[in-house]
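Below are the chains, spelled out letter by letter.
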Amino acid sequence: MIDPVPFYATTIPLAFFVWGPVFVVALYWLVGFWSNRQGVPRMLESDWDGYSVADVEKLFGLYGETTRARYRNRVLPADIACAFTYAIVGGLIVAGLAMRGQPWWLAALCGGGWLIGGLCDVAENLAVARLLDRYPSVAEGDVAFASGMTRLKLVFFVLGLIGALVAAWLVFKPLAA
């Protein structure tokens, strides 16, 4: 006898596990493109090694008043929107896997990277906005927090990419069997 196809909840459709991650990667790229169009090279937000007060002062000094204003008022809001989006996609991956019968710990490993990474990205962007608002007086504690959030964001984003690939494999695996 042929086994019946298992019923999966349609709250989070199967296509989400492909198009959700594609949307996140495209949006991440588009924010970088938007930043370049604004003339704001985002040196701090992609620094895996972290940055210091001297790095921030030097970069913000090179930016000048106009570029700092564009960074604060145009680039950071777009980056925060992107961060919230991939945090939501990570949360939906967790929920979608759990609805399809995967254990919570496995669902959290697959979607948790983007969920936590997105929240770290929001915290980083708020910290960078604070640095921009207080420039030229840059506090070491503010820089340390922003730098730490940057490193966490980058690590969790990469883990989220891997988790999204594993999640897609997990949800399409029954179709191949």
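On a predicted model such as this, the values are computed, not experimentally measured, just so you know. (Residues numbered from 1 in each chain as written. Predicted model: local features only at pLDDT ≥ 70, side-chain atom pairs only at ≥ 80, totals over all residues. Heavy atoms only, no water.)

### Notes on the side chain of D79
- Along the polypeptide, D79 turns up in helix 2 (residues 53–99).
- Overall, D79 belongs to the buried group, its relative accessible area being 2%.
- A distance of 3.3 Å separates polar atoms of two side chains, one belonging to D79 and the other to N125.
- Once residues within four sequence positions are removed from consideration, D79 is found in contact with V31, R42, E45, D121 and N125. (Helix = DSSP H or I, 4+ residues; strand = E, 2+ residues; numbered from the N terminus. Buried < 20%, exposed > 50% of the residue type's maximum accessible area, 1.4 Å probe, protein only. Polar contact = N/O pair within 3.5 Å; in protein donor to acceptor, adjacent residues only side chain to side chain. Contact = heavy atoms within 4.5 Å.)

### What about the confidence of the model for the protein?
- Confidence in the prediction for the protein averages 89 pLDDT; 92% of positions are at 70 or higher.
- No element of the protein has a lower mean pLDDT than helix 4 (residues 140–176), at 90, and none a higher one than helix 3 (residues 104–134), at 95. (pLDDT = per-residue confidence, 0-100.)

### Things to note about the environment of W29
- Within the element layout of this structure, W29 appears in helix 1 (residues 16–37).
- The spatial distance from the C-alpha of W29 to the C-alpha of C82 is 9.9 Å, given a sequence separation of 53 residues.

### Topic: unusual backbone geometry
- The residue after Y135, namely P136, is reached through a cis peptide bond having omega 15°.
- By secondary structure assignment, the location of P136 is in the loop between helix 3 and helix 4.

### A few points about the pattern of salt bridges
- Across all of its chains, the model carries five salt bridges by this definition.
- Here D133 ties to R72 by a salt bridge, and the two come within 2.9 Å at their closest N and O atoms. Highlighted residues: D133 in helix 3 and R72 in helix 2, separated in sequence by 61 residues.
- Judged by its relative accessible area of 29%, R72 is partly exposed.
- Of the charged contacts in the structure, one is a salt bridge between D142 and R134, with a shortest N-O distance of 3.7 Å. (Salt bridge = Lys/Arg side-chain N within 4 Å of Asp/Glu carboxyl O.)

### Let's talk about the environment of L154
- Here L154 lies in helix 4.
- Spatially, the C-alpha atom of L154 lies 7.5 Å from that of S46, the residues being 108 residues apart in sequence.
- In contact with L154, not counting residues within four places along its chain, are Y28, E45, S46, D47 and W48.

### Digging into the packing of helix 2 against helix 3
- At a minimum axis separation of 7 Å, helix 2 and helix 3 run at an interaxial angle of 160°. Of the possible angle classes, the one that applies to helix 2 and helix 3 is roughly antiparallel. In this structure, helix 2 meets helix 3 at a crossing whose hand is left-handed.
- Split into classes, the residues belonging to the contact of helix 2 with helix 3 amount to 27 nonpolar, seven polar and five charged. (Axes fitted to C-alpha atoms, helices over the stretch in contact; angles between N-to-C directions. Parallel < 35°, antiparallel > 145°, perpendicular 65-115°, else oblique. Left-handed = near helix turned anticlockwise from the far one by under 90°. Nonpolar A, V, L, I, M, F, W, Y, C, P; charged D, E, K, R; others polar.)

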